[in-house]
Amino acid sequence: MAESHGGAKGPAAGAHTEADGGHHSGGFPPFESSTFASQLVSLAIFFVLLYVIVSKLALPKVGGAIEARQNKIEGDLAEAQKLKDQSEAALKAYEGELASARSRAQAIGNESRDKANAQTDAERKALEAQLAAKLAEAEKTIASTRTAAMSNVRGIAADAAGQIVQQLTGVIPDAASVNAAVDASLKG
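Residues numbered from 1 in each chain as written. Predicted model: local features only at pLDDT ≥ 70, side-chain atom pairs only at ≥ 80, totals over all residues. Heavy atoms only, no water.

Help me out: how do you make sense of the overall build of the chain in this one?
Regarding its fold elements, the chain presents 2 helices and 0 strands. Expressed as a percentage of its 188 residues, the buried residues of the chain come to 2%. Put simply, the chain shows about 16400 Å² of open surface, and 63% of that area lies on carbon and sulfur atoms. (Helix = DSSP H or I, 4+ residues; strand = E, 2+ residues; numbered from the N terminus. Buried < 20%, exposed > 50% of the residue type's maximum accessible area, 1.4 Å probe, protein only. Areas by Shrake-Rupley, 256 points an atom, 1.4 Å probe, with all protein chains shown as cover.)

How should a nonpolar patch on the surface be read in this particular structure?
Judged by side-chain polarity, Phe46, Leu50, Val54 and Leu59 come together as a nonpolar surface patch covering roughly 360 Å² of accessible area. Of note, Val54 is situated in helix α1 (residues 36-169). (Patch = residues over 30% accessible without salt bridge, like charges linked within 9 Å, V, L, I, M, F, W, Y side chains within 5 Å. Salt bridge = Lys/Arg side-chain N within 4 Å of Asp/Glu carboxyl O.)

In this structure, what is going on with the packing of α1 against helix α2 (residues 175-187)? I would like to understand it.
When two helices pack together, their arrangement is given by the angle between the helix axes and by the axis-to-axis distance. Here α1 crosses α2 at 125°, and the two axes come no closer than 9 Å. Taken together, the axes of α1 and α2 lie oblique to each other. Where α1 crosses over α2, the two elements pack in a sense that is right-handed. Packed against α1, whose contacting residues are Arg154, Ala157, Ala158, Ala161 and Gly162, the element α2 presents Val178, Asn179, Val182, Asp183 and Leu186 at the interface. For the contact of α1 with α2, the residue count by class is 6 nonpolar, 2 polar and 2 charged. (Axes fitted to C-alpha atoms, helices over the stretch in contact; angles between N-to-C directions. Parallel < 35°, antiparallel > 145°, perpendicular 65-115°, else oblique. Left-handed = near helix turned anticlockwise from the far one by under 90°. Contact = heavy atoms within 4.5 Å. Nonpolar A, V, L, I, M, F, W, Y, C, P; charged D, E, K, R; others polar.)

I would appreciate a short explanation of the pattern of salt bridges in the present structure.
Close approach of charged atoms lets side chains of opposite charge pair. Summed over the entire model, instances satisfying the criterion amount to 4 salt bridges. Across the salt bridge formed by Glu111 and Lys115, the nearest N and O atoms sit 3.4 Å from each other. With Glu111 and Lys115 both in helix α1, this residue pair falls 4 residues apart, about one helical turn. Glu111 sits in the partly exposed class, given a relative accessible area of 45%. Judged by relative accessible area, Lys115 falls into the exposed class, the value being 55%. The shortest N-O distance in the salt bridge between Arg124 and Asp121 comes to 3.6 Å.

Honestly, α1 in this entry has me stumped. Any pointers?
Residues separated by three or four positions in an α-helix point in the same direction, a consequence of the helix having 3.6 residues per turn. At Val54, α1 shows its maximal kink, close to 40°. Positioned one or two residues after α1, Gly170 has a phi angle of 85°, which is positive. (Bend = angle between axes of the 7 residues up to and from the residue.)

This is the structure we're talking about:
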């Protein structure tokens, strides 16, 4: 049984290349006018079936997804508005606390300044009183020293006048006349 693969001859070699087309009219079936009615009925049935499937299965899912997304967006917007309102309220509270703290700080500063001024005034008045007392004491000392000095000056002047008269005249003058002359000279 040796077969030759190279050049087989006979009717079996080309048997599969031609179609056995018993009934062939020669056109594309959708364009044939004899099949239009059946194609239109099939198209209508398919369209109705597709519409029912889409409206009953696909559209509710898509509509539910759109509605869920819209609800999520509205919820997020409401949450954002709520957070915005909370942050604005917190900002107003912060500004109020800041203003309150500033006014308290200013009041504390004013109170401290007033206390320092009052303390300084009290110390100044005490120091002025001490200085006034020392000044009055010094004036008393000066007055007593002046009085003592003036009494000594009168005595010294009387002694000096008596000695000058004695030196000039050679006579010791009377003490009463020297004292009267010194008194008259000191009065003016």
